[in-house]
Amino acid sequence: MLVRAIDREVLDLLLEMGRSSAPNEFIVMTGAEKGVITTVYPIAGTTVTSASATIFMDMIPLGMQIAGTAHSHPNGALWPSDADLQTFAETGQCHIIVGDPYEPDSWRCFDREGRERTLEVIG
Ligand SMILES: [Zn+2]
């Protein structure tokens, strides 16, 4: 199913996680229901690998799907690094980067290939 939107509360949470993790980055995986990102799953470490994605898939409830990842860039750069592109290619279709100053528009969403894509904010 196409992930087309994110719940506003989840987006607010991601921005808050970015703010409170600074100057460090955070990374989480996101879960979607009916094409809308509604859940954030903390994961160990700072990168998503095929192995962690597989573990994650085992624990997501029926009816949910992996949307992708979300992480922060404390330097405020809202585009993926080379390492990010590798992570994006591992799993999911929707990868969110939030950055300093973590304002409501301090984020972008990218697809598996690292191309910017639209994500509607609802709720
Ligand atoms: Zn990054």
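This text gives an overview of the structure that appears in the document. (Residues numbered from 1 in each chain as written. Predicted model: local features only at pLDDT ≥ 70, side-chain atom pairs only at ≥ 80, totals over all residues. Heavy atoms only, no water.)

Some remarks on the pairing of strand 4 (residues 65-73)
- Counting buried positions over the nine residues of strand 4 gives nine, a clear majority of the element.
- Relative to strand 4, strand 2 (residues 27-33) is paired through six bridges, and the arrangement is antiparallel. Each residue of the ladder has a partner; that of Gly31, found in strand 4, is Ile66.
- Relative to strand 5 (residues 94-99), strand 4 runs parallel, the two sharing six bridges. Bridge pairing in strand 5 links Ala70 to Ile96.
- One crossover worth recording links strand 4 to the parallel strand 5 by way of helix 3 (residues 82-90), and it is right-handed. (Buried < 20%, exposed > 50% of the residue type's maximum accessible area, 1.4 Å probe, protein only. Helix = DSSP H or I, 4+ residues; strand = E, 2+ residues; numbered from the N terminus. Pairing = 2+ DSSP bridges. Right-handed = clockwise from strand over helix to strand, strands pointing away.)

Details of the coordination of the zinc ion
- For the zinc ion, the full set of protein donor atoms is His71 (NE2), His73 (NE2), Asp84 (OD) and Asp84 (OD), at a range of 2.0 to 2.5 Å.
- The site at the zinc ion holds four donor atoms, and with the angles between them running 57 to 156°, its shape is irregular.
- Written as a sequence motif, the donor residues of the zinc ion are H-x1-H-x10-D. Here His73 is found in strand 4, whereas its partner Asp84 is found in helix 3, with 11 residues between them in sequence.
- Classification of His73 by relative accessible area gives buried; the value is 8%.
- For Asp84, a relative accessible area of 9% puts it in the buried group. (Donors = N, O, S within 2.8 Å, 3.2 Å for Na, K, Ca; no water. Tetrahedral: all angles 85-135°; square planar, octahedral: opposite > 155°, others 65-115°.)

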